[in-house]
Structures are given as C-alpha cells and as structure tokens.
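# Overview (structure and organization)
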Amino acid sequence: MNRLFFLHIVLFFFGISSHANAITLDTTTRLQTMQDSVYIDTEPINKREYDNLKDKYDGNEFIYERNVENSGWWSRFKQWLSDFFKDLFDFNSDAQASDFTDIALKIFYVVIFLLVVFFIVKAIINKEGNWVFGKSSDKSIIPVTDIENNIYETDFKSLIAEAEKGNNHRLAIRYYYLWLLKTLSEAEIIDYDVEKTNSDYHLEIENKDTKEEFSYTSYLYNYIWYGEFDIDDTQFEKAKKAFTQFLKTVKK
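Conventions used here
- Throughout this document, residue positions are counted from 1 along each chain, in the order its sequence is written.
- At least 70 in pLDDT is required for a residue's local features to be given in this predicted model, at least 80 for side-chain atom pairs to be given and counted, and no such filter applies to totals for whole chains, interfaces and linings, which use all residues.
- Only hydrogens and water are set aside; all other atoms, that is, all heavy atoms of the structure, feed into the side-chain values.
- Between the rings of Phe, Tyr and Trp (Trp by its six-membered ring), a pair exists once the centres lie within 6.5 Å; its type follows the angle of the planes, with under 30 degrees stacked, over 60 edge-to-face, and the other angles tilted.
- Only DSSP runs of H or I covering at least 4 residues are called helices, and only runs of E covering at least 2 are called strands; the numbering of each starts at the N terminus.
- Only protein chains enter the accessibility calculation, which uses a 1.4 Å probe. A residue is then buried if its area is under 20% of the maximum for its type, exposed if over 50%, and partly exposed in between.
- UniProt positions are given in the numbering used here, feature names are shortened, and annotations may be inferred rather than shown by experiment.
- This arc describes the spread of directions from the helix axis toward the C-beta atoms.

Scanning the entire structure with this criterion turns up 16 aromatic pairs. With a centroid separation of 5.0 Å and an interplanar angle of 80°, the aromatic rings of phenylalanine 85 and phenylalanine 100 are classed as edge-to-face. Of this pair, phenylalanine 85 sits in helix 3 (residues 73–89) while phenylalanine 100 sits in helix 4 (residues 94–126), placing them 15 residues apart in sequence. Residue class for phenylalanine 85 comes out buried when judged on its relative accessible area of 12%. Measuring from centroid to centroid gives 6.5 Å for tyrosine 201 and phenylalanine 214, while their planes differ by 85°, and the two rings are edge-to-face. Placement of the pair is tyrosine 201 in helix 8 (residues 198–204) and phenylalanine 214 in helix 9 (residues 208–226), with a sequence separation of 13 residues. The exposure class assigned to tyrosine 201 is buried, which follows from its relative accessible area of 2%.

As a further point, take the UniProt feature "transmembrane region" (unreviewed entry) in the protein chain. UniProt marks residues 107–125 with the feature "transmembrane region" (unreviewed entry), using the numbering shown here. Secondary structure content for residues 107–125 is 100% helix and 0% strand, and the end C-alpha separation is 27 Å.

Once that is clear, we can look at helix 6 (residues 156–165). Buried within helix 6 we find Phe156, Leu159, Ile160 and Ala163. Burial along helix 6 is one-sided: seen end-on, the buried residues are contained in an arc of 100°. Turned more than 90 degrees away from the buried face of helix 6, the exposed residues are Lys157, Glu162 and Lys165. Asparagine 167, located one to two residues past helix 6, shows a positive phi value of around 55°.

Below, the structure is given as structure tokens:
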C-alpha cells in the first residue's frame, strides 16, 4: 500500500515537471519566433538641431501673458489703448491690437508734426499780413512795421492807387485805415502809437459823432483785413466811401 502511494506521488510530480518543461519550451519558441519577426531599423539617424529658438519666437504673437504693472506710464498707456482697440474692433489676439495701436500712434505723431509746422509757418508769414497760402495779389504788401512806424512820411494816396490798380481791395482798405489814423493824429484827436489798439483810440476820441464813425470804419477794417474775406467791387466801394467821407470830416 505504501509503495503504491509512493509510486503515485512520483508519477504526479514527474507529470508536473514534464508539463512545466513543455510550457517553458513553448514560451521560448514563441519568444524566438517574435524576436525573429521584429524589424530592426538600420538607417542612420539624422540629428535635428534647434538654434535661435528665442529669436524665432520673439514676436508679439508669441506673447501670451503681458505684465505692465512695473512698466512706465507710457507703456501702461499703450497697453490700455491696445486693450481699448481690441474691444472696439474685436481683434482676435493681443498681437493684432498691439500692431494696430502702433500704427495709430505713428499716424498721430505725423499729424501733430504737420500741424506744428503749419502753425509755425502761418505765424511767421502772418507777421507780414499774409496767410500761409495767401492770395497772390497780397505778395506786394509792404511790411507792417515799415508803414506803421512811418505813417507821417507815407504817401497813402499813391499806395492806395497802386493797390486799387492791382485789384487788391484788402490792402487798399488797410492803407485807408492807416491814413485815417495819421489824419486823426495830425488833428490831435488821438495820440498815435504803434502799440495801441482800436479800443485805445476809441477811448481817446471825445466827439460823439467822430467816435461813432471811427467805430464803423474800425469794424470794416477788422472784418476785411484780419478776417481775410474776399470782397467784390461793390463791397469795396462801400467801405472806401465810408473811409473817404470820414477823412473829409476830420480834415475840416
């Protein structure tokens, strides 16, 4: 009985061992088969290099976070303006809004520069009584200081005749006005001074009628000369008549 039991045990373990060896052999065969079927790439490997990545991706379109808390007031203003344009025009990115802001500021600089140049040139030329793009007939205007400082030696009749001959109505009215000041000063109705204004002369005139006539002729002068309005022959004759009548009244 014991021998029979022992024999069964030996056969049992022998069967397990044989089965395990069979499994091991089968696994080894499968692994060898898989290894033989794997494709081995023997092609040379090309090494890829990434140089200057910082420079390549340094544009505004690659800026995803903007920090302006520690920037100067101009940078903060540009950022505010960029955000404003982005909301106003519905830009898709901060980069587009920033580019548009730069263009808008450049245009603004150019406009300001042109305006400054325009007013500087206008101020310089206006000192001689002319507009920046003034009428060609005004090019013969005698400098203001040369006449105003020498009204007592100036022949206004000749100057007016020359201005009328060239159809320069504005210049003729100016000569009439300065001639009137000269006449009022010679009659001791006013005390002429090149620095005085029409209001100063108006206060010096004591006679009521003379004061009213001076107010009207001063109005005509200011309107025509400083207003730089074009006046036709009819308007000029009307203004000329007012000045000539006033001159005749003062000379009496």
